[in-house]
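A closer look at the structure
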Amino acid sequence: MKQWWFIVLLWWPISLWSQTVEVSATLDTNHIRIGEPIHLTLQAVYDTSLQVEWPLFDQAVQSFPLIETYDREKLTEGPQHIERGSYDITAFDTGFIVLEPIAFGFYREGEPTTDTFLTEPLLVQVDFVEVDTTQPYKPIKGPIDAPMTWREWLPYVAIPLMLVVLGLIIWYLYKKQKEKPQPTPEPIDLPTEPAHVIALRELEALERAELWQAGDYKEYHDRVSDILRGYIERRFHIEALESTTEELMVTFNKVPVPRLQVEQLREVLTIADLAKFAKVEPLPEENAKSLSLARDFIAATKVDEKEEGAA
Amino acid sequence: METLSATDIQQLNERIKQESAFIDLLNLEIGKKIVGQQYMLERLLIGLLAQGHILLEGVPGLAKTLAIKSLASAVNAKFSRIQFTPDLLPADVVGTMIYSPADNSFQVKKGPVFANFILADEINRAPAKVQSALLEAMQERQVTIGDQSFSLEEPFLVLATQNPIEQEGTYPLPEAQVDRFMLKVVITYPEREDERQIIRQNLQTTQETIQQVVKPEEVLKARNTVRDVYMDEKIENYILDIVMATRQPERFQLNDLKPLIAYGGSPRASINLAMAAKTYAFVKHRGYVIPEDIRAICYDVMRHRVGITYEAEAENITAEDIITEILNKVEVP
């Protein structure tokens, strides 16, 4: 009799736990084609005095790859908690596949022991996709265009916008620049007299100065050379003052001036160069000839006043 | 300054006509071997007579070596060629002390710089210390080996060449050292007809040999005469105007050139321009300098003495372009 009571006392707490804890695993279907999702719901009903150790899906279920995990929900109804977790799983093997029992742990706050409760194993039938071998092969489908995001659209919008803004800035600056008063060029003192008139007057003044007669040959020929060069600059628009005698002769090869006059010019400038750079003292007749040749050159090459007036 | 009368200049002119006669002989003799490089030959003579040295720039195969070798033969002077390479040492140029075990002493071994005419081929291929050794010898006209100094034999002319292509792995001469060359001559390809003559001459079975036509003493005498060539004050002013225009272009209404010039010609440029113009007049058998002489030699004297800015480089403007602008603007006396 004493033994009977002992057995009752020993089993009493276990039977008490069993009444307060209930775990289950349910599938929305147990027959799928390969790769199709199955919705799995895990539920634990337990006493409010207990704590649950929810199973980690990857460790608990090996044969069914997890597609998605949904948020767990927990309700309290009277003295009990009802906790549900939902998952989408699938299978890539065919045949009958067992969803193994999933283990839940339960314990009381402050107590070291944890009790494990297992769900029932479930059987899932996974079939191949039926292929109609009588039909011909279909071509491989091309990639599907993903919708464009705003980041992808950005360059198409921003670059034209920037170009428009840049164009507007350039247009604005151009307009501003155009409106700015332009500096008026300084008036150039153009000689009012023809080149030959100036040159002949200068030669006359030189003759009156009687430089070579006073022994100043260098100054005399320097001035003859300068007057002639000045005349050539004004008359032919040749940079005669910046050219040497030889360069001037080369330039005159391209100017429509009679050969005789070019030779006259060469003679005058050569004598002038000798007087200027080699201290040569030309003979009196050479000095007078220089002036005479210079006048002849001017007379032969001057612009006809009538011709100029007509132009 | 000594003032010369008109008669003095006339006499000088006559003397120079006589003393410069050997120039024609030289040209005739060298012309046997060299065709179409009259410009280079004229500059070589200017360097020789003005006691200057020449930096020659031109692509390979333009008879640079042959020209100076022929000049050396025509003057019967000692010629030496130094090929500058990256591993050349100063001692390879000037010489060194060699230990003699027989008498347990050091003996001087003179380098190739001990010659009258030196061709420093591709001078920019050697490092700075070798370039300096040669440039020092050029400047001082003497060389120190160990504790002994040796004067270089006159006439002494260095013709250094630079290749305008293949600039990789070269050591460009610094501006200060380039300034020591009296002339920087840029030579170009010969004319078509000249090149035809070159082909024919080179294909002949018998090659012409250059004979001595001038004694070195005549060259040394001519060097002194060159200094006597008359240069009028107007020409001096013209030289000064050109050099000043490279320093202060705005004073000559050349404001556009101001941002293009990094630095202008030094006083050495003025000295060399005057000396080269006198020599050019001598080469042309004249006893006085005319503006044509200045203009003829101006590019060779000034092109390596006018530094251009990055702005000029970006616009592809060269020192020659700047000199042209200056010559076109500065008034000829």
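The rules behind the values
- Within each chain, residues carry numbers counting from 1 in the order of the written sequence.
- Chains carry letters and ligands carry numbers; both start at the beginning, A for chains and 1 for ligands, and go up in the order they are written.
- Totals for whole chains, interfaces and linings use all residues, but because this is a predicted model, local features are given only for residues with pLDDT of at least 70 and pairs of side-chain atoms are given and counted only at 80 or more.
- Only hydrogens and water are set aside when side-chain values are computed; all heavy atoms of the structure are taken into account.
- One bridge is not enough; two strands pair if DSSP finds at least two bridges between them.
- Strands here are runs of E lasting at least two residues and helices are runs of H or I lasting at least four, both read from the DSSP assignment and numbered beginning at the N terminus.
- Here a patch means residues that are over 30% exposed by relative accessible area and free of salt bridges, tied together within 9 Å if like-charged and within 5 Å if nonpolar (Val, Leu, Ile, Met, Phe, Trp, Tyr).
- All accessible areas in this document rest on Shrake-Rupley with a 1.4 Å probe, and a residue is counted as covered only by the protein chains that are shown.
- The working definition used for a salt bridge is a side-chain nitrogen of Lys or Arg within 4 Å of a carboxyl oxygen of Asp or Glu.
- Here an axis means a line fitted to C-alpha atoms, over the contact stretch when the element is a helix, while the angle between two N-to-C directions is reported on a 0 to 180 degree scale.
- Under this scheme an angle from 65 to 115 degrees is roughly perpendicular, one under 35 degrees roughly parallel, and one over 145 degrees roughly antiparallel; angles in between are oblique.
- Note: crossing handedness is left-handed where the near helix turns anticlockwise from the far helix by less than a right angle, and right-handed where it turns clockwise.
- Residue contacts are counted whenever heavy atoms from the two residues lie within 4.5 Å of one another.
- Ring geometry is summarised as follows: Phe, Tyr and Trp rings, the Trp one being its six-membered ring, pair when their centres sit within 6.5 Å, and such pairs are stacked at plane angles under 30 degrees, edge-to-face over 60 and tilted between the two.
- Counting as a charge over the ring demands two things of the Lys NZ or Arg CZ atom: a distance within 6 Å of the ring centre and an angle within 35 degrees of the ring normal.
- Just so you know, the domain bounds were taken from an automatic or database domain assignment.
- The term buried area refers to how much accessible surface (probe radius 1.4 Å) is lost by two components on association, counted for both of them together.

**Details of the pairing of strand S9 (residues 103-108) of chain A**
- Sheet analysis places strand S4 (residues 50-53) of chain A next to S9(A), joined by 4 bridges and oriented antiparallel. Within the sheet, the bridge partner assigned to Leu50(A) lies in S9(A) and is Arg108(A).

**With respect to unusual backbone geometry**
All names here are of chain B.
- In this structure, the amide linkage connecting glutamate 154 to the following residue, proline 155, adopts the cis form with an omega of -5°.
- Structurally, proline 155 is set in the loop between strand S7 (148-151) and strand S8 (157-162).
- Its identity is not glycine, yet glutamate 122 carries a phi of approximately 55°, on the positive side.
- Within the secondary structure, glutamate 122 sits in the loop between strand S5 (117-121) and helix H6 (128-140).
- A positive phi angle, close to 60°, is found at arginine 141, a residue other than glycine.
- Relative to the helices and strands, arginine 141 is located in the loop between H6 and strand S6 (142-145).

**Regarding a nonpolar patch on the surface**
- Where nonpolar side chains cluster on the molecular surface, the patch consists of Val164(A), Val165(A), Leu168(A), Ile169(A), Trp171(A), Tyr172(A) and Leu173(A) and spans about 720 Å² of accessible area.
- Positionally, Trp171(A) belongs in helix H3 (residues 150-179).

**Describing the packing of helix H5 (residues 217-236) of chain A against helix H6 (residues 245-252) of chain A**
Residue and element names in this part refer to chain A.
- Two elements in contact, H5 and H6, have axes whose closest approach is 13 Å; the angle formed by their N-to-C orientations is 30°. It follows that H5 is roughly parallel to H6 by the angle criterion. In this structure, H5 crosses over H6, and the sense of that crossing is left-handed. Between H5, through Arg229, Ile232 and Phe236, and H6, the contact on the second element is made entirely by Thr245, Leu248 and Phe252.

**So, the packing of aromatic side chains**
- Inspection of every chain in the model, using the stated rule, returns 10 aromatic pairs over all chains.
- Taken together, a centroid distance of 6.0 Å and an interplanar angle of 85° make the contact between Phe114(B) and Phe150(B) edge-to-face. Here the residue Phe114(B) occupies a position in the loop between strand S4 (105-110) and S5, and Phe150(B) occupies one in strand S7, the gap between them amounting to 36 residues.
- An aromatic cluster is present here, built from Tyr231(A), Phe236(A), Phe252(A) and Phe297(A) joined pairwise through their rings.
- It is Arg43(B) that lies over the ring of Tyr39(B); its NZ or CZ is 3.9 Å from the centre.

**Side note on the sheet that holds S8(B)**
All names here are of chain B.
- Spatial ordering of the open sheet is given by S2-S5-S8-S1-S9, a layout of 5 strands whose pairing is parallel. The sheet is open, and its two borders are formed by strand S2 (79-83) and strand S9 (183-186), each paired with just one other strand. Here the average twist between neighbouring strands, direction ignored, is 20°.
- Two strands pair when backbone bridges link them, and strand S1 (residues 54-57) and S8 are joined in this way by 4 bridges, in the parallel orientation. Bridge pairing links glutamate 57 to glutamine 162 in S8.

**A closer look at the domain arrangement of chain B**
Residue and element names in this part refer to chain B.
- For chain B, the domain assignment lists domain 1 (22-214) and domain 2 (229-329).
- Between domain 1 and domain 2, the C-alpha centre-to-centre distance is 26 Å.
- On the side of domain 2, 20 residues touch domain 1, which itself brings 22 residues to the contact.
- Of the roughly 1800 Å² buried between domain 1 and domain 2 on both sides combined, carbon and sulfur atoms contribute 58%.
- At the boundary of domain 1 with domain 2, the tally comes to 4 salt bridges.

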